[in-house]
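A look at the structure
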Amino acid sequence: MASETTAGPMPATAGEGQAFLGYSRAQFVALIILVGALIAGPFFLYPVFLMKLLCFALFACAFNLLIGYVGLLSFGHAAYFGMGGYIAGYTAKAWGFTPEVAVISGAIVAGLQGWAFGWIAIRRQGIYFAMITLALAQMVYFVCVQAPFTGGEDGIQAIPRGRLFGVIDLGPDMNMYWFVAGVFLAAFVLIHRIIHSPYGQVLKAIRENEPRATSLGYRTDDYKLVAFILSASIAGVAGGVKSLVFGIATLTDVHWSMSGEVVLMTLVGGLGTVFGPMVGAAVIVTMQNYLAEMGAWVTVIQGAIFVAVVLAFRRGLIGEIGNLLKVKL
């Protein structure tokens, strides 16, 4: 995608303390803690709650790949999350696809959406880019209201979890949890690899100074489009897994408010940090789950937290912790 040039992406600085496969020492320790939490989690918390948390954490990580490392604010990521859920649910229920094939199908369709929408949107920047993504996502929402295969306002119900690779029954919650945890961890490692690859370094350069990246010979629109496709595809994976976990795909997941929620999760956790989005997702999902009996007040509390983070924790929770400890998380 880049033309021949004498300049390349800047290597990681020695101060980052590379330890293993591109992880700094702090990140590697955090990864070990994450893996330990994934293993121990279902023995202390309700597996279905954890699966919901992991689905939204993956969605937030996918969104962060675009806004945190390319600097593109999308207000329409619900379109890819929701469509991934619809496609995975429909193919699993109507065509009898196994869970892994259904999720991959949802990711492919979401990626194709990302390619089409990204090709249109990346021609603009700033608020114009954000508004275009929102408008395109609303088009997807109205298509989902009318399209026969989505079930309209009723959604796609009774989606079977099926058998993984045609062998492992995902009906039991514990079996399904290990599948979701495995998908999340694999996608998280993939995102980390993308961020710390030479391609990821170019994305950061585009975020910091796009005209300069262009002057070095990089075709920035191509890089941004690929990032958009990757982000949309991973969001589709998250939506597909969620539809299998709960056995339903509805309009809620393609509504504009879902795009707002993922923005909130990312900002609360830490924009442009590796582990921040999952922490932000954990905070928001836990709040929604345990404060559900308060009704509309949950939204008020979310707004208050958002204001507090913007005013007092500009880097987000993980960003502030990393800054305090002088490490990158």
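Here, the structure is the one placed above.
Moving on, we get to empty space enclosed by the protein. With a probe scaled to a water molecule rolled over the atoms, the places where space remains empty come into view. Counted according to the given criterion, the structure contains 2 cavities of 30 Å³ or more. Looking at the largest cavity, its volume works out to about 40 Å³. Taken together, Cys61, Asn64, Tyr69, Phe188, Ile191, Ile195 and Val274 make up the lining of the largest cavity. Take the lining of the largest cavity: its biggest share by element is 3 residues, from helix 6 (residues 173–195). The volume enclosed by the second largest cavity comes to roughly 30 Å³. Forming the boundary of the second largest cavity are Leu54, Cys55, Leu58, Val180, Val183, Phe184, Ala238 and Val241. Taken together, the elements giving at least two residues each to the lining of the second largest cavity come down to helix 2 (47–67), helix 6 and helix 9 (220–246). Of the residues that constitute the lining of the second largest cavity, the class distribution is 8 nonpolar, no polar and no charged.

A complete count under the given rule lists 7 salt bridges for this structure. The partner of Arg315 in a salt bridge is Glu320, with the nearest N and O atoms 3.7 Å apart. For Arg315, a relative accessible area of 43% gives the class partly exposed. Residues joined by salt bridges that share partners form a network here, namely Glu210, Asp221 and Lys224.

About the criteria used
Residues numbered from 1 in each chain as written. Predicted model: local features only at pLDDT ≥ 70, side-chain atom pairs only at ≥ 80, totals over all residues. Heavy atoms only, no water. 1 Å grid on protein atoms, 1.4 Å probe; cavity = no way out; pocket = protein on both sides within 12 Å on 5 of 7 lines; lining within 4 Å. Points joined across faces, edges and corners; volume = space filled by probe spheres on them. Helix = DSSP H or I, 4+ residues; strand = E, 2+ residues; numbered from the N terminus. Nonpolar A, V, L, I, M, F, W, Y, C, P; charged D, E, K, R; others polar. Salt bridge = Lys/Arg side-chain N within 4 Å of Asp/Glu carboxyl O. Buried < 20%, exposed > 50% of the residue type's maximum accessible area, 1.4 Å probe, protein only.

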